[in-house]
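# Remarks on the overall topology
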Amino acid sequence: MNCKILLSAAAIAVAAFLTVPVQPVSAETIAIDQIGGLRSPTRIAVSVSGLIYVADHKNGSVAVFDAAGNKTDTLEGFKAPLGLAVLETPPTGKCFAYNLDRRNNGKSKKCSVVTGRNYLFVGDEGDGSVQVFIDGEKNIELGNGSGEFIKPNGIAVTSDLTAYVVDSKANEVRVYDKTGTLQTTFGGAGFNFPTDISLNETAGELYVSDFFNKRIRVYDLGGGWLRDIEA
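Here's a quick rundown of the structure. Residue positions are given per chain, counting from 1 as you read along its sequence in written order. In keeping with the predicted nature of the model, local features appear solely for residues at pLDDT of at least 70, side-chain atom pairs appear and are counted solely at 80 or more, and the whole-chain, interface and lining totals rest on all residues. Neither water nor hydrogens contribute to the side-chain values; these are computed over all heavy atoms in the structure.

For the rest of this paragraph, the subject is the overall build of the protein. Secondary structure elements follow DSSP: runs of H or I no shorter than four residues count as helices, runs of E no shorter than two count as strands, and numbering proceeds from the N terminus. The secondary structure content of the protein amounts to two helices and 18 strands. The cut-offs for exposure are 20% and 50% of the maximum accessible area for each residue type, with area from a 1.4 Å probe on protein chains only; residues under the lower value are buried, those over the upper are exposed, and the others partly exposed. Residue burial in the protein is summarised as follows: out of 231 residues, 35% are buried. A sequence separation of at least 24 residues applies to 35% of the contacts in the protein between residues at least 6 apart. Surface summary for the protein: the accessible area is close to 13800 Å², and the carbon and sulfur share equals 54%. Working rule for contacts: check all heavy atoms of both residues, and any pair within 4.5 Å makes them a contact. Values of accessible area rely on a 1.4 Å probe in the Shrake-Rupley scheme; residue burial ignores everything except the protein chains shown.

Once that is clear, we can look at unusual backbone geometry. Keep in mind that most residues, glycine aside, have a negative phi and that most peptide bonds are trans. In this structure, D135 is a non-glycine residue whose phi angle is positive, near 50°. Structurally, D135 can be placed in the loop between β9 (129-134) and β10 (137-141). For D135, a relative accessible area of 40% gives the class partly exposed. Positioned with a positive phi, L161 is a non-glycine residue whose angle comes to about 70°. Topologically, L161 is positioned in the loop between β11 (152-157) and β12 (163-167). Among the residues examined, L161 registers a relative accessible area of 13% and is labelled buried.

Regular strands have side chains that alternate between both faces of the sheet. Bridge count for strand β17 (residues 215-220) against strand β18 (residues 225-229) is four bridges, and the pairing is antiparallel. The partner of Y219 across the bridge, within β18, is W225. Two strands qualify as a pair provided that DSSP identifies no fewer than 2 bridges between them.

This next bit is on the nonpolar core. Counting 15 residues, the largest nonpolar core has F121, V130, L142, I155, V157 and V165 as the members making the most contacts within it. Taken together, the elements giving at least two residues each to this core come down to β5 (81-88), β8 (118-124), β9, β11 and β12. No other element matches the three residues that β9 contributes to this core. Once residues lying within four places of it in the same chain are set aside, the contact partners of V165 are V130, L142, F149, P152, G154, I155, E172, V173, R174 and Y176. Here the nonpolar core consists of buried residues drawn from Ala, Val, Leu, Ile, Met, Phe, Trp, Tyr and Cys, with membership extended through side-chain atoms lying within 4.5 Å. One finds A55, V64, L75 and F78 within the second-largest nonpolar core, a separate group that totals 12 residues.

Structure, rendered in structure tokens:
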């Protein structure tokens, strides 16, 4: 075969390759690459200060990111984390006036400040528990701990640390006080696989997604049914 023909064919192939547009890397792809090896992210909770918590179900961990998306911590020791909720309490302070001696002539104030706390609730489908972390350290478990739930799939927490946990397979919402003690349950026959819960504390309402009944059920904070939202 003529060498000139071979060279021409090669030149055409190179030219064609160079004219193929290169697909730009999207911002979304870059963001995913920066997450740091999440295996199966299932639930997300974001604190007021911007910390991002991601339940990594198959990896048995909860990844923590700052507001810029930088990984700052990993909470481990779970079997299959699922439901998440986070509550940050603001710092509090008290001041009181006291008398100075005559040489200082007058009064002054003395203040004491209590720093805010970070409460993280993690539902673990693997052992049927909801674990509570305070400032990154495990503190209590709701109820009896392991075996308390079948599928803790959604969690909402009020400002006084009342926790509402959706148990999808038990078809109910379980309510716990700040010590982790069970207060009441609601739902039951009214649900068919509830999946998540959201809270409007100002309005005093809870919203529960009722998956197979294809509706949102609305309750008051005591678990009393108010209405349904349907398409």
